[in-house]
Amino acid sequence: MSCNMKGYIMDIVNVGVVIPFYQKENGLLFNALNSIFKQKVVGVKFTITIVDDGSPIKAISEVNELILPQNCSLKVIEQHNQGPAAARNRALDYLSKQNISVISFLDSDDCWLDFHIESAIKALCKGNADFYFSDHSRFDSEHSLFKEVGCFHDLERASSEYNIHIDKELATLRGEDCFNLFLNYYISQTSSVVYKFDNLKDHRFDESLLSAGEDYFLWLQLVNNSSKVIFSFNKGVYCGRGVNIFFDSFDWSRKEALSRIGYEALFYRKIFTYFNLNSNQKKIVKSNIYRLEEQFSYLWIRHLLTGKGLNFELLNKIFRSSPASFFLIPLRFISFIFKSK
């Protein structure tokens, strides 16, 4: 992607769009695709790649009647169900063989607002950044994420702590400072992320993190390898109400909650071994590991007693990552009970 001296686009920008698809309701994918077609941007070609991850509703049936705009091409890839990380990786592998300069993500029940891609490309180009994301809102919330997340309640303090330079609606920071920000706050929702593919082409989602953390882990890798990150306080995405493994697992009475918390614990253990962390970062990660493994221990015994069903494959993964964790389950169960009181 090349720019002139004022930071505007000179050449056609080939934007790869990654859409994993697993839905049980008709029409969601059409709405997502329509939000791509409505982007108010010039000089951009969209290569849309949909990976049907064994969806009950087939993606091909949702796109058969579509009339594509001239600046859009569409590829549907089908695979048996392997989870969103594997689906997104399949799309990234395909796009790596195309002439793609920028990668963007759009979940099949989400919609971009009309200026999302224009804002992203101008920010990446003018700011000479590698990674971009924006604020977003969800169907079940009155406020955008940035209105709710703790670090932005005191913007002056956050700017000082993470070396964020704010210019109107845009914030700029170094990749290493964004890494610190991300360790404390998950604010880069998948459908809001846009990054330069040429610079970060080899990175992929961690397919071993089935229920949580696979996207978070990739964002940490990407910003850790970026010289500069830009994010926007303007909402670029509306997140809809489709199949969502992560948000569907917050009810602790469901067995999915056990999987989500277990994979979150594995995610933080991966951070600890994968990245070269300083002492403060290690403290943050260790605290999250302890909190999540304590919650996992409580839910594991609770689900065992109530017959909710147990994920022994996940338990084995946790045991392999930390053999002591298995033997600490009874003690952590008791500790969680006492803390709850």
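Okay, so let's go over this structure.

### Digging into the packing of aromatic side chains
Alright, step 1. According to the stated counting rule, one finds 26 aromatic pairs in the structure shown.
Alright, step 2. The interplanar angle of 50° and the centroid separation of 4.9 Å between the aromatic rings of Phe146 and Phe152 together place this pair among those described as tilted. Taken individually, Phe146 and Phe152 each receive the classification buried, so the pair is uniform in this respect.
Alright, step 3. Between the aromatic rings of Tyr274 and Phe275, the centroid separation amounts to 4.8 Å while the plane-to-plane angle is 75°, which identifies the pairing as edge-to-face.
Alright, step 4. Residue Tyr274 is classed as partly exposed on the basis of its relative accessible area, which comes to 47%.
Alright, step 5. Ring pairs connect the aromatic residues Phe105, Phe131, Phe133, Phe146, Phe152, Phe182, Tyr195, Phe197, Phe205, Trp219, Phe231 and Phe233, which therefore count as one cluster.

### Remarks on the nonpolar core
Alright, step 1. Counting 68 residues, the largest nonpolar core has Phe131, Phe182, Tyr195 and Ile271 as the members making the most contacts within it.
Alright, step 2. A total of 9 residues in this core trace back to one element, the largest contributor, which is helix 9 (residues 255-274).
Alright, step 3. Not counting the four nearest positions on each side in its chain, Phe182 is found in contact with Phe131, Phe133, Ile187, Ser188, Tyr216, Trp219, Leu220 and Val223.
Alright, step 4. Core analysis: the second largest hydrophobic core is formed by 33 residues, Val15, Val17, Phe21 and Cys239 among them.

### Things to note about the environment of Leu183
Alright, step 1. Positionally, Leu183 belongs in helix 7 (residues 175-184).
Alright, step 2. Leu183 gets classed as buried once you look at its relative accessible area, which sits at 3%.
Alright, step 3. Sequence separation between Leu183 and Gln82 is 101 residues; the distance between their C-alpha atoms is 27 Å.
Alright, step 4. Among all residues touching Leu183, those that are not within four sequence positions of it are Tyr216, Leu220, Ile271, Gln281, Ile284 and Val285.

### A look at the packing of helix 9 against helix 10 (residues 279-306)
Alright, step 1. Where helix 9 meets helix 10, the closest approach of the two axes is 9 Å, and the angle between their N-to-C directions is 155°. On the basis of their axis angle, the class for helix 9 and helix 10 is roughly antiparallel. Relative to helix 10, the crossing made by helix 9 is left-handed. Side by side, helix 9 and helix 10 meet where Lys255, Ala257, Leu258, Ile261, Gly262, Glu264, Ala265, Tyr268, Arg269, Ile271 and Phe272 of the first sit next to Lys282, Val285, Lys286, Asn288, Ile289, Leu292, Glu293, Gln295, Phe296, Leu299, Trp300 and His303 of the second.
Alright, step 2. Grouping the constituent residues of the contact of helix 9 with helix 10 by class yields 13 nonpolar, 4 polar and 6 charged.

### Observations regarding helix 10
Alright, step 1. Taking 1.5 Å of rise per residue, 28 residues should cover 40 Å, and helix 10 covers 40 Å from first to last C-alpha, within 8% of that figure.
Alright, step 2. Between the side-chain oxygen at the start of helix 10 and the backbone nitrogen of Asn280 there is a gap of 3.1 Å, and the oxygen is on Asn278.
Alright, step 3. Positive phi appears at Gly307, one or two residues downstream of helix 10, with a value of about 70°.

### Quick word on the environment of Arg90
Alright, step 1. Note that Arg90 resides in helix 3 (residues 84-95).
Alright, step 2. Looking at Arg90, the relative accessible area reads 37%, which means it is partly exposed.
Alright, step 3. Taking the C-alpha atoms as reference points, Arg90 and Arg291, separated by 201 residues in sequence, lie 33 Å from one another.
Alright, step 4. In contact with Arg90, other than residues within four places in its own chain, are Val51, Ile77, Glu78 and Gln79.

### A look at the pattern of salt bridges
Alright, step 1. Tallied over the entire structure, the rule returns 11 salt bridges.
Alright, step 2. Asp107 serves as the salt-bridge partner of Arg88, at 2.9 Å between the closest nitrogen and oxygen. You can see Arg88 sitting in helix 3 and its partner Asp107 sitting in the loop between strand 4 (102-105) and strand 5 (110-112), a full 19 residues away along the chain.
Alright, step 3. Judged by its relative accessible area of 5%, Arg88 falls in the buried class.
Alright, step 4. Taking the shortest distance from any N to any O, the salt bridge between Arg204 and Asp93 comes out at 2.9 Å. Of this pair, Arg204 sits in the loop between strand 9 (194-196) and helix 8 (214-224) while Asp93 sits in helix 3; the two residues are 111 residues apart in sequence, bridging distant segments of the chain.
Alright, step 5. Three or more residues joined by partner-sharing salt bridges are found here, namely Arg88, Asp107 and Glu214.

### Looking at the state of the cysteines
Alright, step 1. Summed over the entire model, instances satisfying the criterion amount to 0 disulfides.
Alright, step 2. Left unpaired, Cys151 is separated from the closest cysteine sulfur, that of Cys178, by 10 Å.
Alright, step 3. Its relative accessible area of 0% is what places Cys178 among the buried residues.

### Brief notes about unusual backbone geometry
Alright, step 1. One non-glycine residue with positive phi stands out, namely Asn128, at about 55°.
Alright, step 2. Assessed through its relative accessible area of 53%, Asn128 is described here as exposed.
Alright, step 3. With phi around 60°, Lys168 is a residue other than glycine that occupies positive phi space.
Alright, step 4. Within the fold, Lys168 resides in the loop between strand 7 (165-167) and strand 8 (170-174).
Alright, step 5. Look at Lys168 and you get exposed, because its relative accessible area is 75%.

### Describing the side chain of Gln189
Alright, step 1. Examined against the element boundaries, Gln189 turns out to sit in the loop between helix 7 and strand 9.
Alright, step 2. One polar contact links Gln189 to Asp110, side chain to side chain, over a distance of 3.3 Å.
Alright, step 3. For Gln189, the contacting residues outside a window of four places in its chain are Asp107, Asp110, His136, Val237 and Cys239.

Basis of the calculations
Residues numbered from 1 in each chain as written. Predicted model: local features only at pLDDT ≥ 70, side-chain atom pairs only at ≥ 80, totals over all residues. Heavy atoms only, no water. Phe/Tyr/Trp six-rings, centres within 6.5 Å; stacked < 30°, edge-to-face > 60°. Buried < 20%, exposed > 50% of the residue type's maximum accessible area, 1.4 Å probe, protein only. Core = buried A, V, L, I, M, F, W, Y, C linked by side-chain atoms within 4.5 Å. Helix = DSSP H or I, 4+ residues; strand = E, 2+ residues; numbered from the N terminus. Contact = heavy atoms within 4.5 Å. Axes fitted to C-alpha atoms, helices over the stretch in contact; angles between N-to-C directions. Parallel < 35°, antiparallel > 145°, perpendicular 65-115°, else oblique. Left-handed = near helix turned anticlockwise from the far one by under 90°. Nonpolar A, V, L, I, M, F, W, Y, C, P; charged D, E, K, R; others polar. Expected span 1.5 Å × (residues − 1). Polar contact = N/O pair within 3.5 Å; in protein donor to acceptor, adjacent residues only side chain to side chain. Salt bridge = Lys/Arg side-chain N within 4 Å of Asp/Glu carboxyl O. Disulfide = S-S within 2.5 Å.

Spatial relationships are all this shows, so hold off on functional conclusions.
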